[in-house]
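# A look at the structure
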Amino acid sequence: MDTINVYSIGELSPKAFERARREYIDDFLDILPWQDEIFKSFEELFKRTSGIKLKDFSIGIYNRPMVRVVFDRDEAADLTGARAFAWLENNLLASLRIPFEGSDRKKFAKYGADYRPGMIEPCPLTGYCFDDTLLEALQKSIKDGDTLKEAFENLGVVVTRELESEYEYEISEKGFREIAEINDYRFLDDGRIV
């Protein structure tokens, strides 16, 4: 019986490491590890916002994103400035804020300064940190003068950038090393993944 030696990522030569990274990118990186969470945050934002529906979207890595939204009231789509912020507060943000009274207020108080009454709790849509990124981008877009419709449709760009950032990290040497260590990947001496 022949013995086959296998190696951890840290034991590979630079040439074997690069072969292993290329094999991982070509054969194993079908979906980004956080891709589902990113899209769940995006879709949940629209589910939680009253008065608007996500009609259609096409978002992916290295493409031009397309997001189409429909407002229940056409005049809301063109709101800007303070009126757009008021609409956003009434139709989304108010439902995400920690209450000033009631049992939920006490429940959140034990978590510290980020959970004060009136604040939006961190990651309020899905529990994933991309929730905060989307909410901040939406508010920044309105602050920069976009209409509500433009602000919501611009979220496609935010999602695309996040996907691209995740992909770039995953294919980087540091990202691959981290994935290999976490998953305890083993390799042959030439870098082939076992």
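Residues numbered from 1 in each chain as written. Predicted model: local features only at pLDDT ≥ 70, side-chain atom pairs only at ≥ 80, totals over all residues. Heavy atoms only, no water.

## Quick word on the overall build of the protein chain
Counting its secondary structure elements, the protein chain contains 9 helices and 2 strands. Scaling as 2.2 N^0.38, a compact globule of 194 residues should have a C-alpha radius of gyration of about 16 Å, whereas the protein chain reaches 22 Å, well beyond that. In terms of overall dimensions, the protein chain has C-alpha extents of about 75 × 40 × 25 Å along its principal axes. Every one of the 194 residues in the protein chain was classed for burial, and the buried ones make up 37%. Carbon together with sulfur atoms contributes 47% to the accessible area of the protein chain, which is approximately 11700 Å² in total. One way to put it: in the protein chain the 27 positive side-chain charges average out to a point 5 Å from where the 39 negative ones average out. (Helix = DSSP H or I, 4+ residues; strand = E, 2+ residues; numbered from the N terminus. Rg over C-alpha atoms; globule rule 2.2 N^0.38 Å. Buried < 20%, exposed > 50% of the residue type's maximum accessible area, 1.4 Å probe, protein only. Areas by Shrake-Rupley, 256 points an atom, 1.4 Å probe, with all protein chains shown as cover. Lys, Arg positive; Asp, Glu negative; His and termini not counted. Charge placed at Lys NZ, Arg CZ, Asp CG, Glu CD.)

## What to know about the packing of aromatic side chains
Scanning all chains against the criterion turns up 13 aromatic pairs. Members of the aromatic cluster, connected to one another through ring pairs, are Phe39, Phe42, Phe46, Phe57, Phe71, Trp87 and Phe152. (Phe/Tyr/Trp six-rings, centres within 6.5 Å; stacked < 30°, edge-to-face > 60°.)

## Here's the deal with the side chain of glutamate 170
For glutamate 170, the position within the fold is in helix 8 (residues 155–171). Of the side chains with opposite charge, arginine 21 comes closest to the buried, unpaired glutamate 170, at an N-O distance of 10 Å. (Salt bridge = Lys/Arg side-chain N within 4 Å of Asp/Glu carboxyl O.)

## A word on the nonpolar core
Counting 35 residues, the largest nonpolar core has Leu45, Phe71, Phe152, Leu155 and Val159 as its most contacted members. Counting residues per element, the ones that place at least two in this core are helix 2 (35–48), strand 2 (66–71), helix 3 (74–77), helix 4 (81–96), helix 6 (130–143), helix 7 (148–153) and helix 8. Contact partners of valine 159, with chain neighbours within four places excluded, come to Ile38, Phe39, Phe42, Ile59, Phe130 and Leu134. Of all hydrophobic cores here, the second largest spans 14 residues; its members include Tyr24, Ile171, Phe187 and Ile193. (Core = buried A, V, L, I, M, F, W, Y, C linked by side-chain atoms within 4.5 Å. Contact = heavy atoms within 4.5 Å.)

## Remarks on helix 9 (residues 173–182)
Within the sequence span of helix 9, burial applies to Gly175, Phe176, Ile179 and Ala180. The arc enclosing the buried residues of helix 9, seen along the axis, measures out at 130°, which places them on a common side. More than 90 degrees from the buried face of helix 9, the exposed residues found are Lys174, Glu181 and Ile182. Residues of helix 9 that are buried in the fold lie against helix 1 (14–28) and helix 8. Phi turns positive one or two residues past the end of helix 9, at aspartate 184, with a value near 55°. (Arc of directions from axis to C-beta.)

## With respect to the environment of aspartate 72
Summarising the element assignment, aspartate 72 is placed in the loop between strand 2 and helix 3. Between the alpha carbons of aspartate 72 and glutamate 173 there is a distance of 47 Å; along the sequence they are 101 residues apart.

## Examining the pattern of salt bridges
In the structure shown here, the tally under the stated rule is 10 salt bridges. Between aspartate 190 and arginine 19 there is a salt bridge; the shortest N-O distance is 3.3 Å. Highlighted residues: aspartate 190 in the segment after helix 9 and arginine 19 in helix 1, separated in sequence by 171 residues. Here arginine 73 makes a salt bridge to glutamate 75, at a shortest N to O gap of 2.7 Å. Bridged by salt links that share partners, the residues Glu18, Arg21 and Arg22 form one connected network.

## Overview of the environment of arginine 64
Tracing the backbone shows arginine 64 in the loop between strand 1 (52–58) and strand 2. C-alpha of arginine 64 to C-alpha of threonine 133: the two residues are 69 residues apart in sequence and 19 Å apart in space.

It is worth stressing that arrangement in space is one thing and function is another; only the former is reported here.
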